[in-house]
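Secondary and tertiary structure notes
Residues per chain are reported as follows:
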Amino acid sequence: MASEEQLSAIKRAKVLMVGAGGIGCELLKTLALSGFQDIHIIDMDTIEVSNLNRQFLFRQSHVGQSKAKVARDAVLRFRPNISITPYHANVKESRFNVDFFKEFDVVLNGLDNLDARRHVNRLCLAVDVPLVESGTTGFLGQVTVHSKGKTECYECQPKPAPKTYPVCTITSTPSKFVHCIVWAKDLLFAKLFGDKNQENDLNVRSSDTGNSSEHSVDVFEHRKDEDIEHYGRRIYDHVFGHNIEVALSNEETWKNRNKPRPIYSKDVLPVKMTEENGDTEKDSATDDVSVMASLSLKNPQDIWSLSENSRVFLEALRLFFLKRRKDIGNLTFDKDDQLAVEFVTAAANIRASSFGIPLHSLFEAKGIAGNIVHAVATTNAIIAGLIVIEAIKVLKKDNNNYRMTYCLEHPSRKLLLMPVEPYEPNKSCYVCSETPLSLEVNMHHSKLRDFVEKIVKGKLGMNFPVIMQGASILYEVGEDLEEDMVAIYAANLEKALSKLPSAVTSGTVLAVEDLQQEFSCSINIKHREEFDEEKEPDGMVLSGWVEAPVDKDNNNKPIGNGESTSNALPSKEILECEKDVEIQETSEGTETVTRKKRKLSEVDESKNQKKPEKLDVDDEDDELFIPDDWESLIKKRRV
Amino acid sequence: MNGEELTEQETALYDRQIRVWGADAQRRLSKSHILVYGMKGTVAEFCKNIVLAGVGSVTLMDDHAVTDSALSANFLILPDENLSHGKTLAEACCDSLKEFNPMVHVSVEKGDISTFGVEFFEKFDAVVISCCSLAKKKLINQKCRKLPKRISFYTVDCRGSCGEIFVDLKNYKYSKKKLEETIECQLEYPSFEDAIAAPWKALPKRVSKLYFGMRVIEQFEDIEGRNAGQTSIADLPGVLKLRKELCETNSVNESQVPDALLERLLIGTSEFPPVCAVIGGILGQEVIKAISGKGDPLKNFFFFDAMDGKGLIEDISKPRHS
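What you see is a predicted model, and the numbers here were worked out from it, not measured in a lab. In this numbering scheme, every chain counts its residues from 1 along its sequence in written order. All chains are assigned letters beginning with A, and all ligands numbers beginning with 1, in the order in which they are written. Since the coordinates come from a predicted model, pLDDT governs what is reported: local features require at least 70, and pairs of side-chain atoms require 80 or more to be given and counted, while whole-chain, interface and lining totals use all residues. The side-chain values count all of the structure's non-hydrogen atoms but skip hydrogen atoms and water molecules.

1. Some thoughts on the overall build of chain B
Helix and strand counts for chain B stand at 13 helices and 10 strands. Our radius of gyration looks at C-alpha atoms and nothing else; its globule reference is 2.2 Å times the residue count to the power 0.38. The C-alpha radius of gyration of chain B comes to 20 Å, within 12% of the 20 Å expected for a compact globule of 322 residues. Dimensions of chain B, computed from the C-alpha atoms along their principal axes, are close to 60 × 55 × 40 Å. Counting over 322 residues, chain B shows a buried share of 59%. Here, residues are in contact when the closest pair of their heavy atoms is within 4.5 Å. For chain B, contacts bridging at least 24 residues in sequence account for 66% of all contacts bridging at least 6. The accessible surface values rely on the Shrake-Rupley method and a 1.4 Å probe; as for residues, cover is taken only from the protein chains in view. Looking at chain B as shown, the accessible area adds up to about 13100 Å², and 50% of this sits on carbon and sulfur atoms. Looking at chain B, you have 41 positive and 46 negative side-chain charges, and the mean spots of the two groups are 5 Å apart. Helix and strand assignments follow DSSP, with helices taken as H or I runs no shorter than four residues and strands as E runs no shorter than two, numbered in order from the N terminus. A simple rule labels every residue: compare its accessible area, found with a 1.4 Å probe on the protein chains alone, to the largest value its type can have, and call it buried under 20%, exposed over 50%, or partly exposed in between. Here Asp and Glu are counted as negative and Lys and Arg as positive; His is not counted, and neither are the chain ends. For charged residues, the charge sits on one atom: NZ in Lys, CZ in Arg, CG in Asp, CD in Glu.

2. Description of helix α1 (residues 4–12) of chain A
Residues and elements named next belong to chain A. By the burial criterion, the buried members of α1 are Gln6, Ala9 and Ile10. When α1 is viewed along its axis, its buried side chains cluster within an angular range of 100° and face the same direction. Exposed residues lying more than 90 degrees from the buried face of α1 are Glu4, Lys11 and Arg12. Lining the buried residues of α1 we find α16 (377–395). The directions considered for the arc are those from the helix axis to the C-beta atoms.

3. Considering the confidence of the model for chain A
All names here are of chain A. This prediction gives chain A a mean pLDDT of 81; 80% of its residues lie at or above 70. The predictor attaches a confidence to each residue, and that confidence, scored 0 to 100, is pLDDT. Within the model, the stretch residues 204–211 combines pLDDT values under 50 with 12 contacts to residues more than four positions away or in other chains. In the model, residues 282–286 has pLDDT below 50 throughout and makes 5 contacts with residues more than four positions away in sequence or in other chains.

4. Things to note about the packing of helix α10 (residues 209–224) of chain B against helix α11 (residues 236–250) of chain B
Residue and element names in this part refer to chain B. Put simply, α10 and α11 touch, their axes get as near as 10 Å, and they point 110° apart. The angle between α10 and α11 places the two elements in the roughly perpendicular class. For α10 against α11, the interelement crossing comes out right-handed. Counted together, Val216, Ile217, Gln219, Phe220 and Ile223 of α10 and Gly238, Val239, Leu242, Arg243 and Leu246 of α11 form the full contact between these two elements. Class assignment of the residues belonging to the contact of α10 with α11 gives a composition of 7 nonpolar, 2 polar and 1 charged. Only C-alpha atoms enter the line fits that serve as axes; for helices the fit covers just the stretch in contact. Angles between N-to-C directions range over 0 to 180 degrees. When describing relative orientation, an angle under 35 degrees is termed roughly parallel and one over 145 degrees roughly antiparallel, while 65 to 115 degrees is termed roughly perpendicular and anything else oblique. Take the far helix as the reference: if the near one is turned anticlockwise from it by less than a right angle, the crossing is left-handed, and if turned clockwise, right-handed. As a working rule, the residues Ala, Val, Leu, Ile, Met, Phe, Trp, Tyr, Cys and Pro are called nonpolar, Asp, Glu, Lys and Arg charged, and the rest polar, with Gly in that last group.

5. Considerations on the interface of chain B and chain A
On the side of chain A, 57 residues touch chain B, which itself brings 54 residues to the contact. Buried area: the accessible surface (1.4 Å probe) lost by two parts on joining, summed over both. Both faces considered, chain B and chain A share a buried interface measuring about 4900 Å² in area, 63% of it formed by carbon and sulfur atoms. Looking at the side of chain B facing chain A, the largest losses of area belong to B:Arg16, B:Arg19 and B:Val20, adding up to 18% of the total buried there. The salt bridge criterion pairs a side-chain nitrogen of Lys or Arg with a carboxyl oxygen of Asp or Glu, the two atoms within 4 Å. Our enumeration of links across chain B and chain A arrives at 5 salt bridges. In protein, a polar contact requires one atom able to donate a hydrogen and another able to accept it; more generally it is a pair of N or O atoms within 3.5 Å, and residues adjacent in sequence count only if both atoms are side-chain atoms. Between chain B and chain A we count 17 residue pairs in polar contact (both at pLDDT 80 or more) in total. Breaking the side of chain B that touches chain A down by element, the ones donating at least two residues are α1 (8–13), α2 (15–30), α3 (41–53), α6 (89–100), α13 (273–292), β9 (301–305) and β10 (310–314) of chain B. Ranked by residues supplied to the side of chain B that touches chain A, first place goes to α2(B) with 9 residues. Pairing between strands is defined by DSSP: at least two bridges between the two strands are required. Bridge count between strand β8 (residues 415–420) of chain A and β10(B): 2 bridges; the pairing is antiparallel. The residue bridging A:Leu417 from the neighbouring strand is B:Gly311, located in β10(B).

6. Quick notes on the sheet that holds strand β12 (residues 509–514) of chain A
Residue and element names in this part refer to chain A. A sheet is described by the order of its strands in space; here 6 strands give the open sequence β11-β10-β12-β13-β9-β14, paired in mixed fashion. Edge positions in the sheet fall to β11 (472–476) and β14 (540–543), since each of these pairs with one other strand and no more. Direction aside, the axes of adjacent strands within the sheet are offset by 25° on average. With 4 bridges connecting them, strand β10 (residues 465–469) and β11 associate as antiparallel partners. Note that in β11 the partner of methionine 468 across the bridge is isoleucine 473.

7. Examining the pairing of strand β6 (residues 162–168) of chain B
Residue and element names in this part refer to chain B. Burial runs high along β6: 7 of the 7 residues are buried. Residues of β6 alternate between two faces, with Cys162, Glu164, Phe166 and Asp168 on one and Gly163, Ile165 and Val167 on the opposite face, all of them buried. Linking strand β5 (residues 152–159) to β6, which pair antiparallel, is a turn of 2 residues; within it glycine 160 sits at a positive phi near 60°.

8. Details of the packing of helix α7 (residues 177–193) of chain A against helix α9 (residues 228–248) of chain A
Residue and element names in this part refer to chain A. Between α7 and α9, the shortest axis-to-axis distance is 13 Å and the interhelical angle comes to 140°. Compared by their axis directions, α7 and α9 come out oblique. For the element pair α7 and α9, the recorded crossing hand is right-handed. Of the residues in α9, those touching α7 at Trp183, Leu188 and Leu192 are Tyr231, Ile235, Val239 and Phe240. Taken together, the residues of the contact of α7 with α9 sort by class into 7 nonpolar, no polar and no charged.

This is how it looks when you write it as structure tokens:
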């Protein structure tokens with residue numbers, strides 16, 4: 001394989017790497033060893049301790065520094081004479097525009113989120129530079145090649161939407177531990193420590209709607225001079241006791257469900273905590289505040305009892321008020337905030353206890369709450385090797401030999417590494433084939449702002465959109481806009497679609513474009529009166545935009561990208577080729593997942609096979625998960 | 001690492017991988033001792049992987065001097081003259097490996113491994129050898145198998161864009177979860193010598209051609225008294241002749257070992273870094289599985305060819321009744 005022609009193609013090549021994390025470190029090393037001499041690398045993150053088990057270019061002493069820069073320095077140590085240009089920046093920044101991208105011979109992604117991947121996909125299409133995509137989770141991984149016109153683009157196949165849960169499941173009828181986590185994190189934690197002005201669905205719906213005078217805000221607010229432990233118990237009793245009793249009063253809800261039991265602090269922890277713990281003022285610096293240490297709960301893998309969880313709950317609350325007063329009111333949950341993780345674990349466990357759901361350890365809870373992706377070095381190394389093999393084909397213009405390669409945990413027909421021929425572009429792909437989309441919307445109710453936020457930015461992934469009807473610009477973003485135009489656009493945003501200056505009616509076609517991505521698409525607008533509040537909370541339905549169905553009521557694999565992409569499971573699906581079987585996978589944790597079956601072709605088969613379930617796996621902390629959609633659910637007004 | 005619980009430092013460092021294989025497996029890894037022989041690119045990758053995984057110790061063996069060609073696929077050796085001057089390959093790699101994980105004990109053992117007695121191998125839980133002749137592979141494998149203790153034994157070799165891993169876990173018992181149950185599994189592995197003695201005719205028709213290719217080259221080196229990897233395209237006529245003989249002896253068609261494949265294996269005496277990464281990764285996973293007792297180990301050969309992109313497992317052993 002190392003012919004003269006190949007070596008010189010490699011030497012001349014200018015390569016862009018996006019991501020310097022798990023895959024990035026392995027990839028940069030292998031590229032350098034393989035003879036690449038001009039590599040550019042973009043990564044916005046800094047190094048954390050949990051990276052060090054696999055991102056081997058980094059050391060303990062590098063924690064806090066830029067990944068792109070440290071990776072470059074580390075590789076130069078064994079290849080001092082090559083050029084590596086690091087960018088500690090977000091690839092979505094405007095400077096990484098088409099002019100930037102077109103300089104490269106190939107782009108290699110080692111990203112951890114769908115948003116950035118779509119963005120890079122569009123730029124690569126715009127400049128006709130091949131893109132090699134990849135992803136890993138645990139022992140699974142994949143590499144795919146995307147070349148405009150020849151293969152599918154990254155968006156030709158549907159990428160599943162993030163997992164969402166109906167509001168009432170979270171607020172009233174949880175049945176799984178993850179529901180308790182979402183409640184603890186996005187409702188309770190947010191209510192107590194987050195922005196007070198945020199709408200919050202914390203109170204349960206009851207049949208008794210006449211209590212509007214008892215606004216929930218009063219209950220959760222810490223009263224002047226109130227003893228912290230008293231406050232803690234008051235909150236505890238309200239959410240785990242009172243609210244449960246209120247929920248129980250609605251008989252309908254519990255007809256076919258197990259009833260929760262109310263829990264009061266006096267029954268679980270009869271004695272005042274401060275008497276028990278004695279002197280807990282010996283805590284050190286504010287940053288290291290942790291309950292586990294002071295309560296001698298050393299092992300994060302232990303499952304605490306109800307009383308231990310209750311102790312952690314109260315003590316964590318107390319420590320927030322005592323040691324981190326200034327943070328209260330502007331905190332969002334951060335998985336690396338030990339105290340926050342302890343609090344959320346305890347709260348989720350108490351709620352779980354109430355509803356008869358098995359309790360979980362802090363280690364497990366943290367993984368769920370923080371959407372932590374499990375990861376090892378070996379898979380990343382394998383994938384990096386496969387990426388370079390494909391990259392070299394791109395440079396040699398060897399496009400008949402491009403492959404998608406899947407790295408499996410369990411062999412399928414003896415194969416641990418399974419190559420598959422890439423598919424031709426999807427003619428209905430709205431990204432690379434410019435197919436028009438359709439939008440059903442109530443044009444009198446929905447505003448342009450909703451359209452821009454939820455559809456154009458949200459679903460279509462545009463960052464700097466221009467929205468036009470015919471020759472009129474309804475809205476655009478830009479740096480050099482005139483003031484009066486900016487004012488007109490701002491006014492347009494607040495108007496219902498039917499009230500816009502250029503009379504948008506049913507049957508109108510809107511053209512939306514992102515100038516940075518050089519991506520445009522047209523949307524046919526159709527009026528519809530009614531939308532289902534639960535199933536269509538946005539009040540708008542976009543079709544032709546292919547979104548894979550999400551199994552809402554199935555167990556969710558809580559760790560990492562899990563559900564949010566076609567995930568980990570395709571390996572099992574590949575295994576069950578040609579059979580319609582429901583795949584069960586038991587993971588390291590306790591969750592099982594059931595997936596819909598899709599058929600798959602193999603490299604020796606002809607092209608007329610059904611398409612495989614896209615194995616879109618992500619590394620690192622994938623933010624595709626619960627939070628994003630959940631917020632829109634929370635913010636929605638309840639009737 | 002001492003005591004039974006993982007330390008806070010370990011829990012923080014290994015968080016992401018503990019979520020893959022669990023704390024028990026991590027503990028077992030931290031108590032394991034690995035011997036590695038032959039420090040080329042693929043083995044460098046493998047060592048990086050197991051050091052990051054947090055094994056107890058890694059003992060490196062390779063007394064060759066550091067040369068320019070050694071640098072080509074081995075990222076553990078820094079080209080800085082001052083750092084690598086006068087060192088052996090093992091010594092040069094040792095320092096870099098330590099940096100990846102200060103909790104792992106990395107050391108160098110010198111000497112001719114063929115002369116070491118069986119007792120030497122007893123302290124290891126896994127032995128990985130590379131760049132070894134046929135005779136050496138058999139010898140070391142036998143020494144490991146002689147011990148009452150079960151030692152996981154591996155050979156690994158990469159030639160150009162192809163790679164081969166051989167696994168011998170002797171009698172391996174492990175348990176795994178299937179749905180709600182825990183089932184006990186037991187696998188019996190043949191030694192390298194026994195495995196390759198399997199008559200070619202008895203093997204399934206679709207066995208990887210790479211298996212045969214590697215055996216032909218291996219035999220050629222053995223007959224010609226060459227060191228492992230010491231071949232070139234000039235040897236092609238001799239190799240083709242040997243292939244003819246072996247195929248006749250085994251009653252198989254010569255097409256089982258294509259010319260083109262043999263050419264590639266002969267030319268590819270230097271390693272191709274992407275293949276090193278792939279093979280080093282697969283091998284890393286196998287050793288981690290065997291040490292931790294978690295996960296189905298592969299049995300007993302793994303092949304990767306960058307040309308067709310397949311990474312496949314072949315189960316090759318002598319039939320019980322021939």
